Structures are given as structure tokens and as C-alpha cells.
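Geometric and topological summary
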Amino acid sequence: MKNSENTTTDPGLRSLYSLLPSLNDLLLSPGFSAIVQAESHSTVVRATRAVLLCIKQEIVEGKHTFASLNHRLAGLHVAVAAEIDQNQRYSLRRVINATGVILHTNLGRAPLSAAALEHMVEIAAGYSNLELDLETGERSCRDVHAEKLLLQLLGSADSTRAAVVVNNCAAATFLALNSLAEGVEVIVSRGELVEIGGGFRIPEILAKSGARMREVGTTNRTRLPDYENAISADTGLILRVHQSNFSIEGFTERPTLQDLVALGKRRNIPVFNDQGTGLVSSLEDLGVGAEPTLLDSFRLGVDLVAASGDKLLGGPQCGLLVGRVDLIDRIRKNPLLRAFRVDKLTYAALEATLIDHLSEKPIPIVSMLHAPALAILRRCEWVAAQVCSRDLFAEAVPVLSLIGGGTAPAARLQSSAVSLRHATLQPQPLLQVLRRLDPPVIGRVSEDVVLLDLRTVEPEFDAKLVSLLQTALASVDNLML
């Protein structure tokens, strides 16, 4: 293959190259005056060079005649403006989640409440008392901004419990194991040696933490005597891991958490419950009875619990460690805590979310979980009626939503979706068109149709969604011309 330097010897290419204006001439041309006035000199130069380089490559690849190149150059100012706009567009963008997965890891999991957003903006805009005691003027611990509220929410506001906040639940698990069980044995059931998203595996975390894993039981059946018989002078912790993203059915057995707590107290071994989720209230009214709550763990007297600040608690991504004061004190003395700590914005969002829970104010994921199926159906019918056309068949159909985020793997919520079938465009290309909208619309494909589950779309976005779908339909029509 010839490179761009060698191709300049081709007379035809040299003739096409001769049509390209100089950078200076372009910047002085009338078409560029508005761009030059609106953007910095360096921004315009950088974008113009990028567009010219692209055109040169098009010439090398034989994509232009004299006529097509002149047409391309006539719209050069438009191409440069588009290049600048593309370069200044944020990579991290708001999207409309129409997948029906409430805690969608790829889409950032839990949307924050209005109070959390407002408090984050307030704290981000200036300085804060992140590590300052306003009463004494002395340095303080940043955990105080969430600890008291978290303990109140768990009904454990006495001096025997404390809390630490880190950047996610995986970090919380690692930090607890490293602080409390480095060099000693941790007893864990073989049925709980799980792997969650991103390749996070309990056995590997145990190894990295410096703890020695003592497996008991089998994949499907572990009994209380299995734990008791494994306890030795070298045992540092009994670890309970929530089977968050899978379920085992059939010939199974597993000690209750209450039984493990009783065993731990009888043998003076701390029980660490890696619960994973930050669920506060039971989901039994939704038909989800197997998802443990933080309240349950504390009422049973678990020594230490690790939970997520976003999974079902509905706050920012963070990891919560709550438990006995002596255990939390040991964790706080671990130098690794500084590597895992969170910033002021996370504390602001978490603090506001906890206050929302305590005052029973709306939290987005809680509203999504409890949205009535009939109300979602009516919304889908309205959206479908607005966008249905000759080329796009749309109707409301029953679907099942997921909680997601590695929680309640077997749970399904009755919901409805807008089903889209285009006359000429297949489902996957149609999904791509939807992802290119502003904001992008993220749906899913099932049985050869695109589904937009409105359980995970805030009702106030319905009109916006209709407008976006109409824009998508127009762009498809233009594509077909």
C-alpha cells in the first residue's frame, strides 16, 4: 500500500491536493469568521487541521473527483464547526435507560435523588468542613458526615457501633479482611465463593488481603457443623457472602445468618457479613423475599457488615462498613484506608440519601421498584400512539423488568415496554440509531423487536422520549434516501 508521501508523485493526486486551501486562507475566509469569533485561535486551528488531514486521506483513498472535492471544500466551515463540537462534547453523558434494568451497572446504577444532587452542587461549589470540627476548630474524621445518619437508619445509634465509608463494596470487603484477618484463617462456605462483575472473585480477594481461606461444605450444601468443626486457634473470622448474582435451587442447605451469629458469639469469632447490597426495607411486597436487608443483619447482631451505597440504598457508588466499634477502629488504623477513601462529593450525596431515607422522601430507584405496572402500561400506550407511523410500528407490550446490579437475580417485576419494529431497518441497527440520539436512548432487543421498558424511564421524560423517537425516525428516513 502506498503512503500519503509517495502518492504526491501521482499527477492526479497533485491536482486534487492543489485545490486544498492553506490554513491561513481558511481562517481569514468569510465562512470562518463566526467560528473564529466564537472559539479560541488554537481550538479553530486544531479542528481545521484535523478536517484537512481527513480530506487528504480521502483523496489518497480515491474517494474524490474534482467535483466532489470542491463540494466538500465548500462546506469546510461546517465540517470544522462539527469537529469543534465533537471535541468539546463530554464523553460521560446522560442517557435514557429504557432497558428495564433498574440498577444497570453499565449505565451508572442508581440515579440520585434531588436532595443528593442539590447537596453535591452546594459542596462542590466551594470549600467544606470535610475534615474540620466546626465546634472545636480541630481536625476531624470525614466519616462523621455519614456515620451518625447510617447508624440512625439501622436503629443502632449507641456507642457500640461505628461506620467507615470507602469507594465501593469490593474495597470494603478487602479492607475488612486485610485489617481483621491478615495471616489467619477465614472460614467461608464453598457455595459462597462467588464472582461478581469485573472478575471480582472472593477467593482472590481473600488471597490478596493476606487472609487464609478455609473452605467448608459443598457448592450446594453447607451446614452449621461444617463451620464449627473448622474453627481452630488460627481462626480470625467467619465470612458470610451474599450470593448476589445467582441462585442455587433444589437440593440445597445453608445455615441462617442468625445461626452463624450465635456460633460466632459462642466461640468468640467475629462474623463478617459481606451483604453486598444496601437494601434498607424488605422487597417482599414485590414478591422478592430472599434479598436480605441491612436492618436484618443488625437486628441479628452481626459483628461487621459490608454493603453498597448505590445498590438498593439508592445513593452514590461507595462501600459501607458498619459494625462493632473495636473492629471499625482496627479498620481505621489500616494505612490502606486512605487509598480507598471517598471524596466530599460522595459524602454529600450519601448524607443526603440517608436523610431522604430517614425522612421517607422519594428516592428514584425506590420509586422505580414500586411503580405500578398499570401506570407503566398507560405511559407505554401513550408513547406508542405518538410515534407509530407507516414505517415504524409501535405498540405497548407486557415485559419483565430486572432489579439488576448483582441483586435479586431471580426477581422479575411485571412491567410494560414500547415495542418498535421498523419497516426496513433491523433491530440492532435501530438500536444503534437510538444510541446516537442526544441524549442517547438505550433499549434492548427481544424476539426481533426493539423494546423500551418505561419502568426505568422517569415519567417526566416521556414527552422527550417521543421527540427523540420522532427524530430517530426522520434520521432513518434520510439514511434510506
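In this report, the structure presented in the accompanying data block is examined. Remember, predicted model here, so these are calculated numbers, not experimental data. (Residues numbered from 1 in each chain as written. Predicted model: local features only at pLDDT ≥ 70, side-chain atom pairs only at ≥ 80, totals over all residues. Heavy atoms only, no water.)

1. Quick notes on the nonpolar core
- Core analysis: the largest hydrophobic core is formed by 32 residues, its most contacted members being Phe272, Leu304 and Leu321.
- Listing elements by their share of this core, those giving two or more residues are β3 (161–166), α9 (169–181), β4 (185–189), α10 (202–209), β8 (235–241), β10 (304–308), α14 (325–332) and α15 (337–340).
- Of all the elements, α9 adds the most residues to this core, at nine residues.
- Those residues within four positions of phenylalanine 272 in sequence are excluded, and the remaining contacts are Thr173, Ala176, Leu177, Leu237, Ile238, Leu239, Arg240, Leu304, Val305, Ala306 and Leu321.
- If you look at the next biggest cluster of nonpolar residues, it comprises 30 residues, including Leu431, Val450, Leu454 and Val457. (Core = buried A, V, L, I, M, F, W, Y, C linked by side-chain atoms within 4.5 Å. Buried < 20%, exposed > 50% of the residue type's maximum accessible area, 1.4 Å probe, protein only. Helix = DSSP H or I, 4+ residues; strand = E, 2+ residues; numbered from the N terminus. Contact = heavy atoms within 4.5 Å.)

2. Describing helix α6 (residues 76–88)
- Spanning 13 residues, α6 covers 18 Å between terminal C-alpha atoms, matching the ideal 18 Å at 1.5 Å per step.
- Among all positions of α6, only Leu76, Ala79, Val80 and Ile84 are buried. The buried residues of α6 occupy an angular sector of 140° when projected down its axis, which confines them to one face.
- The inward-facing, buried residues of α6 abut α2 (23–28), α3 (33–38), α4 (41–60) and α5 (66–74). (Expected span 1.5 Å × (residues − 1). Arc of directions from axis to C-beta.)

3. So, the packing of α5 against α6
- At a minimum axis distance of 4 Å, the contact between α5 and α6 shows a crossing angle of 55°. The orientation of α5 with respect to α6, classified from their angle, is oblique. Together, Arg72, Leu73 and Ala74 of α5 and Leu76, His77 and Ala79 of α6 make up the contact between the two elements.
- A class-by-class count of the residues in the contact of α5 with α6 yields four nonpolar, one polar and one charged. (Axes fitted to C-alpha atoms, helices over the stretch in contact; angles between N-to-C directions. Parallel < 35°, antiparallel > 145°, perpendicular 65-115°, else oblique. Nonpolar A, V, L, I, M, F, W, Y, C, P; charged D, E, K, R; others polar.)

4. Focus on the pairing of strand β9 (residues 271–276)
- Here β9 lies mainly inside the structure; six of its six residues are buried.
- Summarising the sheet, β9 and β10 pair through four bridges and their orientation is parallel. Paired with glycine 276 across the two strands is alanine 307, which belongs to β10. (Pairing = 2+ DSSP bridges.)

5. Quick notes on helix α8 (residues 144–153)
- Burial within α8 is extensive, with seven of its ten residues counted as buried.
- Buried residues of α8: His145, Ala146, Glu147, Leu149, Leu150, Leu151 and Leu153, and no others.
- Summarising the contacts, the buried residues of α8 are in contact with β3, α13 (294–299), β11 (319–324), α14 and α16 (344–358).

6. Overview of the pairing of β3
- Within β3, six of the six residues are buried, which leaves it mostly tucked inside the rest of the structure.
- Residues Arg161, Ala163 and Val165 line one face of β3 and the alternating positions Ala162, Val164 and Val166 line the opposite face, and both faces are buried.

7. Some words on the side chain of arginine 221
- As for its placement among the helices and strands, arginine 221 is situated in the loop between β7 (212–216) and α11 (224–230).
- Engagement of the side chain of arginine 221 in a polar contact is seen with the side chain of glutamate 253, the distance being 2.7 Å.
- When neighbours within four sequence positions are excluded, arginine 221 is seen to be in contact with Phe251, Thr252 and Glu253. (Polar contact = N/O pair within 3.5 Å; in protein donor to acceptor, adjacent residues only side chain to side chain.)

8. Considerations on the sheet that holds β4
- Across the sheet, which stays open at both edges, the seven strands sit in the order β3-β11-β10-β9-β8-β4-β7 with mixed pairing between neighbours. The sheet is open, and its two borders are formed by β3 and β7, each paired with just one other strand. Going from strand to strand, the sheet's axes swing by 20° on average, the running direction of each strand aside.
- As defined by bridge partners, β8 adjoins β9 across four bridges and the pair is classed as parallel. What sits directly across from valine 241, in β9, is aspartate 274.
- Here α14 sits on the sheet and contacts β3, β10 and β11; the angle it forms with β11, its principal contact strand, is near 135°.

9. Notes on empty space enclosed by the protein
- With the rule as written, the count across this model stands at one cavity of 30 Å³ or more.
- Here the largest cavity defines a volume of roughly 50 Å³.
- What lines the largest cavity is Leu392, Leu420, His422, Leu430, Leu434, Leu469, Ala472 and Leu473.
- The greatest single-element share of the lining of the largest cavity, amounting to three residues, is contributed by helix α20 (residues 462–480). (1 Å grid on protein atoms, 1.4 Å probe; cavity = no way out; pocket = protein on both sides within 12 Å on 5 of 7 lines; lining within 4 Å. Points joined across faces, edges and corners; volume = space filled by probe spheres on them.)

10. Notes on the packing of aromatic side chains
- One pass over the full model with this rule turns up one aromatic pair.
- Seen from their ring centres, phenylalanine 174 and phenylalanine 340 are 6.0 Å apart, and the 85° between their planes marks the pair as edge-to-face. In this pair, phenylalanine 174 is assigned in helix α9 and phenylalanine 340 in helix α15, connecting sequence segments 166 residues apart. Pair check on accessibility: phenylalanine 174 and phenylalanine 340 agree, each one buried. (Phe/Tyr/Trp six-rings, centres within 6.5 Å; stacked < 30°, edge-to-face > 60°.)

11. Quick look at the side chain of asparagine 334
- Take asparagine 334: it is sitting in the loop between α14 and α15.
- Look past the residues within four positions of asparagine 334 in its chain and what remains in contact with it is Leu175, Asn178 and Ser179.

12. Looking at the sheet that holds strand β16 (residues 449–453)
- Pairing in this open sheet of five strands is mixed, and the strands run β2-β12-β13-β16-β15 from one edge to the other. Each of the sheet's edge strands pairs with one partner strand only, and the pair in question is β2 (101–103) and β15 (444–446). Neighbour to neighbour, the strand axes of the sheet diverge by 40° on average, direction disregarded.
- Bridge count between β15 and β16: three bridges; the pairing is antiparallel.

13. Comments concerning the packing of α8 against α16
- At a closest axis distance of 9 Å, the pairing of α8 and α16 adopts a crossing angle of 25°. Between α8 and α16, the crossing angle belongs to the class labelled roughly parallel. Both α8 and α16 take part in a crossing whose hand is left-handed. Of α16, the residues touching α8 (which contributes His145, Ala146, Leu149, Leu150, Gln152 and Leu153) are Tyr347, Leu350, Glu351, Leu354, Ile355, His357 and Leu358.
- Split by residue class, the contact of α8 with α16 holds nine nonpolar, three polar and one charged. (Left-handed = near helix turned anticlockwise from the far one by under 90°.)

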